[in-house]
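The chain contents come next:
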Amino acid sequence: PITALNHTLDNEPQQITAPLTHSAAFLVLTVKDDAASLAKVREVLASTDDLIKNTAIREIERTFTCNVAIGHRVWAPLVGSTPPRELKPFQEVKGATHTAVSTPGDLLYHIRARTMDLIVAFERNLMMAFGDAVDAVDDVAGFRYFDGRDLLDFVDGTANPEGLSLPEATIVGDEDPDHAGGSYVVVQKYLHNLDAWRAQKTEAQEAIIGRTKHDNIELDDAPADAQKSHKTLCTIEDGDGEHEILRDNMPFANPGRGEYGTYFIGYTRRLWVIEKMLERMFIGNPAPLHDRILDFSTATTGVTFFAPSRKVLADLGD
Ligand code: HEM
């Protein structure tokens, strides 16, 4: 029993499967390449559990969670081990009309809580701990928009896996034993053209998404060679059945600058599943019938990370 327990603790994931909250932040950092900066970053990553505790305890409802993920460029210098099997830099996907761009990012902090105060307090502690060892390349504050809708006004997150399907879809297992308990993470920051979107009829919007707007009911798939909806393009099936991912998208906005967006974040046990979704969205299925959501949404970032098990992070302090 003791070895079984140790095995479990060894592979204990971060808080990948924690539920959505009213607020979230997506902080993307690059790490400076000198030895002192790498050592500092290793030290801060190793203290992740303590940093989280310092903030989480301040809220009685305990909604605060934080996941840290590491990009391919810094995996070897920071962690030292062979990288997770599928980990690589985000591959640009260039369709006839739209491109999924690839942008810099070595560390991702995905921070969730009911209220922004905890998130800001945590981020400040974190940035103080890092000192000048990192540069922040992006920091997006997401908020819950009405009944879990994105800024296109559709309920977002419905088809996410639940129960036992959730860890099955998101947490690496025996297929990559050194990295069991980890999860691949892909982020993309999308900016919407809301004026153009709102000029569309509701029925046209529903056909693009693949669900009804008011009641959030799934529409039938289009015939094989016709224009497919977003939900159909993002349904990946093969001989093993349907391959799901976990999405914790959040709306973000800066009305003064006319910015309205969706921060896409997908967790997966199999990176190729998200890559396949992006290919179907941007190149089209069949090409060139791309996801029409992209005619109203521009991807301005794209970065791939791996959120290792808690022990991998803690061991960086050794
Ligand atoms: C489904 C919005 C980007 C993967 C959906 C749904 C909405 C939505 C409203 C239907 C409800 C639901 O099941 O959640 C958006 C918006 C995006 C975006 C506004 C950015 C502009 C992406 C990207 C991916 C993705 C980049 C993957 C690479 C999925 C998946 C589903 C889905 C897997 C569920 C499909 C199913 O029914 O099984 N999305 N999405 N989405 N989306 Fe997205």
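Model, not experiment: these values are computed from the prediction.

(A) A look at the pattern of salt bridges. Counting across every chain of the model gives 21 salt bridges. Here E275 makes a salt bridge to K88, at a shortest N to O gap of 2.8 Å. Placement of the pair is E275 in helix 10 (residues 271-282) and K88 in the loop between helix 4 (72-79) and strand 3 (93-94), with a sequence separation of 187 residues. The class of K88 is partly exposed, set by a relative accessible area of 29%. Here D156 ties to R247 by a salt bridge, and the two come within 3.3 Å at their closest N and O atoms. Linking D156 in the loop between strand 6 (134-143) and helix 6 (165-170) with R247 in strand 10 (residues 246-247), this pair joins segments that are 91 residues apart in sequence. Here the salt bridges share partners, and the residues they tie into one network are E168, E175, R269 and R270.

(B) Local environment of the packing of aromatic side chains. Tallied over the entire structure, the rule returns ten aromatic pairs. Seen from their ring centres, W75 and F306 are 5.9 Å apart, and the 75° between their planes marks the pair as edge-to-face. With a gap of 231 residues between them, W75 in helix 4 and F306 in strand 14 (residues 303-307) connect regions that are remote in the sequence. Exposure remark for W75: the relative accessible area of 0% places this residue in the buried category. Ring plane angle 70° and centroid distance 4.8 Å describe the contact between Y184 and F306, whose orientation is recorded as edge-to-face.

(C) View of the site of the ligand. Neighbouring residues of the ligand: 27 residues in total, closest G157, T158, A159, H230 and R247. Within the contact set of the ligand, a nitrogen atom lies 2.9 Å away from a side-chain nitrogen or oxygen of H230. The separation between an oxygen atom of the ligand and a polar side-chain atom of R247 is 2.8 Å. Here the ligand is seated within the largest pocket. Breaking the shell around the ligand down by element, the ones donating at least two residues are strand 7 (183-192), helix 9 (230-233), strand 12 (259-268) and helix 10. Taken together, the residues of the shell around the ligand sort by class into 13 nonpolar, eight polar and six charged.

(D) Up close: the layout of surface pockets. Here the largest pocket defines a volume of roughly 950 Å³. Looking at the lining of the largest pocket, the elements with two or more residues in it are strand 7, helix 9, strand 8 (236-238), strand 9 (241-243), strand 12 and helix 10. The element best represented in the lining of the largest pocket is helix 10, accounting for seven residues. By volume, the second largest pocket amounts to about 240 Å³. Lining the second largest pocket are 15 residues, and of these Q15, T48, D49, I52 and R310 sit closest to its centre. Mapped by element, the contributors of at least two residues to the lining of the second largest pocket are helix 2 (35-46), helix 3 (48-56) and helix 11 (310-315). It is helix 3 that provides the largest number of residues to the lining of the second largest pocket, a total of five residues. When grouped by side-chain class, the residues that make up the lining of the second largest pocket number eight nonpolar, three polar and four charged.

Parameters at a glance
- Residues numbered from 1 in each chain as written.
- Predicted model: local features only at pLDDT ≥ 70, side-chain atom pairs only at ≥ 80, totals over all residues.
- Heavy atoms only, no water.
- Salt bridge = Lys/Arg side-chain N within 4 Å of Asp/Glu carboxyl O.
- Helix = DSSP H or I, 4+ residues; strand = E, 2+ residues; numbered from the N terminus.
- Buried < 20%, exposed > 50% of the residue type's maximum accessible area, 1.4 Å probe, protein only.
- Phe/Tyr/Trp six-rings, centres within 6.5 Å; stacked < 30°, edge-to-face > 60°.
- Near = heavy atom within 4 Å.
- Polar contact = N/O pair within 3.5 Å; in protein donor to acceptor, adjacent residues only side chain to side chain.
- 1 Å grid on protein atoms, 1.4 Å probe; cavity = no way out; pocket = protein on both sides within 12 Å on 5 of 7 lines; lining within 4 Å.
- Sits in = over half its atoms within 2 Å of the grid points.
- Nonpolar A, V, L, I, M, F, W, Y, C, P; charged D, E, K, R; others polar.
- Points joined across faces, edges and corners; volume = space filled by probe spheres on them.

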